[in-house]
Amino acid sequence: MLSLVFASTAAAVPITGSLRVPSNLAPETPPRDAPTSPNWERPNGVVDTRPPRIDVRREMAVVLVGDLTAGERPASNFQLHGGALQPSTMVAQQGTTLRIENTDACSHELQSEAIEGFAPLTTAPGNARTVPIPETGSFEVTDRLYGHVQGHLHVVSNLVARATVGADGRFRFADVPPGTYTLKAFYRAHEVASREITVEDGREFALEEPVALSLPEAD
Amino acid sequence: MLLSRFWYALLVAIAAIAAMFFLLIQASFNRQYDKSLQDQLSRDRDELGLILRVDARMQLDSISGFAAHGDVRQKLRAASGRNAGTEINEELREPLTQTLTRLNAQLEAGAGELVFAVDRAGTIVAAIGVDPIPENSSLGAFPLVERALAGFVRDDVWVWNEKVYRMAARPVIDGGQYVGAIVHGKEVNNAFAERISRAIGATIAFYEGDRILASHMPTEGGFRAEEIGAPLAELVASEAFQAGDPSEPTDIAGARGRAIFVPLQGSAAYSRVGYAVGRPRTVLTSVGDLIDQVTLDDLSSLSGLSTAMLIVLPILGFLLAMLWVFIERDRPLGKFTAAALELGEGKAERLKPAGFSRRYRKIGEAINQALDRMAETGGGAGAARKPADLDEILGSTSGESQAPSFFGFAEGESAPPEIPSIPAAPAAPALGGIPKTPGVPAEFAKTSPDAPQPDLAAVGAATGKPVLPEPPPAVPKGPPPVAAPAPPAAAPNPAAAPLPPAPPAKKPAWAKGTLVGVGMDGPAAGAGPLQASAASSALDSLPPLGAGLDDDDDDDGATMVANVPQELLDAAGGPEPDAEQEVDRHFREVFEQFVATKKQCGEPTQGLTFEKFGQTLRKNRDQIISKHGAKSVKFTVYVKEGKAALKATPVKA
């Protein structure tokens, strides 16, 4: 059972919490192998190499869904940063416009076969790609130029807030109106956690226990 | 022409077999060449892959100096240690950029067009080839950079702003800690394609999707970029190609060449980046193409025996063909041509089809038939001559038949007139001797060969008998021909009117002195050439026809028969113990004279055979012998009214 501490205020309040991420969670291998493998990959021979780790900040999404008593639904704005989608696991409100800004120094050509109107188009550095989101569901987003760019878009009908996730798994919602919501966590194409919370007016909400993730079995 | 046709058929068969062998050789050559080309392209693919691998390794080694440079390490450590969220300080970026530029220039041919120095998080601290650098731009998510930041030395291929780069990345370690990475990229351009093309000796092209990024072709046997890129649109859409498998050898430039398309190793394979190797394809379509493939080494490989056979056998074949042509065409044609020329020059009266080959024999027979028809219908006055009718000429051989008038017997007479005795004829003159004219008194005889011919008209008037020059002595084969004596001038015989002089019938040009009734120079039927030539030479010594004969004689239309020498008459006195042979021999001589006379008169001789002629003569002879009680009968040939006629003379004991 979770014990929750509520902040007593009628105004929107922040909600904090953390995710319990397994230490051995490794990033998925690229779906294609042979053609993309390099000619050479060797340890530097000086310092031990670092084991691959999942980028929680990039690949985890924590959101609140439910009835919105005040304020507006959050916009669906994301980025291409560091050569990949930031975050790569995206949660957007149905009926809004998906906007992805390219902050890299190179062009990208994002696409999604399942979303109508999301054909590969070149997005130059500094520009943004916008696509309307008509229906709920889970959709894969890729880059025609870069195979490592893989994202997943979860479209929900009652998005209340989207959290900022840190590299250590800590997350924070800013200015959530009081009410009862469902906290959901997504990891790539999967919903890995769901918990109901009630936000009281004026009281900062903090999850004392980390949210356990029900990660899917590795293929 | 059987041999020639067989030889031609053989040559055609040999040519057909040679053409078949050429087609087989052509198909075999093309198949083996295609296989050889496929193997060559596979080797080119492996060799190019090895070149790219070695090039990547060399690039990784070349940027080790970057990662080890103190200035680079220091700047990256400072950048990695800044507070999260703060931007890169220009005091770090500017000097680091200069350092990178200087180090890159030192690589010379190995200098890169795209170089990054990133901090521990992958944020771009300094760069070459990117200006301006977007704020807080990062490369941390690129697998190349991510693995380099994890401590690996790695290469890759990137598509960066519509260009393709061969990338290499090394971690930057400072104080035992990863502080960042150096990312170095060399553009895939025409210079790079040229370097590889010269190393392999084939056309090289790098492509992204269906467009050619860079290419180079050798001086000979190369292909332009658009030619080698033509199959890309279809290839790129194929599932096998998208799965990263190399393509099969594909025709390019209208099947003048073949190319193999291979996806590149690295991240850029997602962008369908790869390379193509193309080589020209030789296809034999004609003999000229095969000859173009022959080299001096091939010629030197031919043994002396093979060369000799290639030269000798065709020459032998040609000579054999010429031999067949000569035997079956030229020689028969030459014989026929010579005979036709003789006919045209008047040296021959008819062709001898028996001496020609089958084809020309038919032509000869046709020409002879045409000559016969012309003789029937053309030349001289009078009605067309009909083929000889022995009965018409010799009279019916039946019992009711009456003695024909042309035998010299008048119709209605109860008894034949007395046949005057045949005057003694002078001895036959020897060849070249002084020709003696029979019945010519001594005072009229020639005394020397050069003496003028005696005036036969005067002799005839003096003797009362028309006289003709002595006939030339023919080569005797049996008794010489016997001519009936001239009818006595004192015995008027209305039936046997004075022989009219022979009309100026058509005489062949070779007749120097034609004596009617004598088997002479004109080749009589059955006569041999020796006889004719001997007769001709004898004729040459005689005075020309008509010499000594007045024209008045010819006006009467009488053709006189030469007097028969007395010794001949004595020799023909009566049946000898071999009488039948003598009779048969006489009949044959008369037949030959008769045929010759008919030809001289331009009469046709078709159907005139000795068997029928002799049968008729025999019957008439029997009739005359029985009727007149003669011992034998002598027949002579003369010309009557321009036609050959026969006269019978009973011979009493």
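Residues numbered from 1 in each chain as written. Chains lettered and ligands numbered in written order. Predicted model: local features only at pLDDT ≥ 70, side-chain atom pairs only at ≥ 80, totals over all residues. Heavy atoms only, no water.

Trainee: Can you walk me through the interface of chain A and chain B in this structure?
Mentor: Interface extent is often summarised as the accessible area lost during association of the parts. Listed by partner, the interface residues are 35 residues for chain A and 43 residues for chain B. For the pairing of chain A and chain B, the buried interface totals around 3,600 Å² over both sides, and the portion due to carbon and sulfur atoms is 52%. Here chain A and chain B share two salt bridges between them. Across the contact surface, chain A and chain B share 22 residue pairs in polar contact (both at pLDDT 80 or more). Residue contributions to the side of chain A that touches chain B peak at three residues, all from strand E3 (residues 41-43) of chain A. Here the residues of the side of chain A that touches chain B sort into 15 nonpolar, twelve polar and eight charged. (Contact = heavy atoms within 4.5 Å. Buried area = accessible area lost by both parts, 1.4 Å probe. Salt bridge = Lys/Arg side-chain N within 4 Å of Asp/Glu carboxyl O. Polar contact = N/O pair within 3.5 Å; in protein donor to acceptor, adjacent residues only side chain to side chain. Helix = DSSP H or I, 4+ residues; strand = E, 2+ residues; numbered from the N terminus. Nonpolar A, V, L, I, M, F, W, Y, C, P; charged D, E, K, R; others polar.)

Trainee: Would you take a moment to explain the pattern of salt bridges for this structure?
Mentor: Side chains that carry opposite charge are capable of pairing whenever their charged atoms lie near each other. For the coordinates displayed, the defined rule picks out 34 salt bridges over all chains. Close ionic contact of Glu582(B) with Arg585(B) constitutes a salt bridge, the shortest N to O distance being 2.7 Å. Of this pair, Glu582(B) and Arg585(B) are both found in helix H19 (residues 579-600), three residues apart, which corresponds to roughly one turn of the helix. Salt bridges here are not isolated pairs; linked through shared partners, they connect Glu41(A), Arg147(B), Arg154(B) and Asp156(B).

Trainee: Is there a simple way to explain the packing of aromatic side chains in this structure?
Mentor: Aromatic ring pairs are defined here through the distance separating the ring centres and the angle between the ring planes. All names here are of chain B. Counted under the stated rule, the structure contains 16 aromatic pairs over all chains. An angle of 35° between the planes, with centres 4.6 Å apart, marks the rings of Phe 142 and Trp 158 as tilted. A residue pair is termed long-range when its members are at least 10 positions apart, and Phe 142 in the loop between strand E2 (124-128) and helix H5 (143-149) and Trp 158 in strand E3 (residues 152-160) qualify at 16 residues. With relative accessibility at 1%, the residue Phe 142 sits in the buried group. Residue Trp 158 is classed as buried on the basis of its relative accessible area, which comes to 1%. Seen in terms of ring centroids, Phe 336 and Tyr 360 are 5.3 Å apart; in terms of plane orientation they differ by 25°. Their pairing is stacked. Within this pair, whereas Phe 336 is found in helix H12 (residues 304-345), its partner Tyr 360 is found in helix H13 (residues 358-377), the two being separated by 24 residues in sequence. The same class applies to Phe 336 and to Tyr 360, which are both buried. (Phe/Tyr/Trp six-rings, centres within 6.5 Å; stacked < 30°, edge-to-face > 60°. Buried < 20%, exposed > 50% of the residue type's maximum accessible area, 1.4 Å probe, protein only.)

Trainee: Would you explain the packing of helix H3 (residues 70-80) of chain B against helix H4 (residues 90-106) of chain B in this entry?
Mentor: Working note: a packed helix pair is described by the angle between its axes plus the distance between those axes. All names here are of chain B. Their axes nearest at 10 Å, the elements H3 and H4 cross at an angle of 150°. Taken together, H3 and H4 sit at an angle that is classed as roughly antiparallel. For H3 against H4, the interelement crossing comes out left-handed. Residues Asp 71, Val 72, Lys 75, Leu 76, Ala 78 and Ala 79 of H3 form the contact with H4, whose participating residues are Glu 91, Leu 92, Pro 95, Leu 96, Thr 99, Leu 100 and Leu 103. Split by residue class, the contact of H3 with H4 holds nine nonpolar, one polar and three charged. (Axes fitted to C-alpha atoms, helices over the stretch in contact; angles between N-to-C directions. Parallel < 35°, antiparallel > 145°, perpendicular 65-115°, else oblique. Left-handed = near helix turned anticlockwise from the far one by under 90°.)

Trainee: How should the confidence of the model for chain A be read in this particular structure?
Mentor: If pLDDT is low for a region, its predicted coordinates should not be looked at in detail. All names here are of chain A. With 86% of its residues at a pLDDT of 70 or more, chain A has an overall mean of 83. Counting interchain partners and residues more than four positions distant, the pLDDT-below-50 stretch residues 1-9 has 32 contacts. Low pLDDT, under 50, characterises residues 29-34; the predicted model gives this stretch seven contacts beyond four residues in sequence or across chains. (pLDDT = per-residue confidence, 0-100.)

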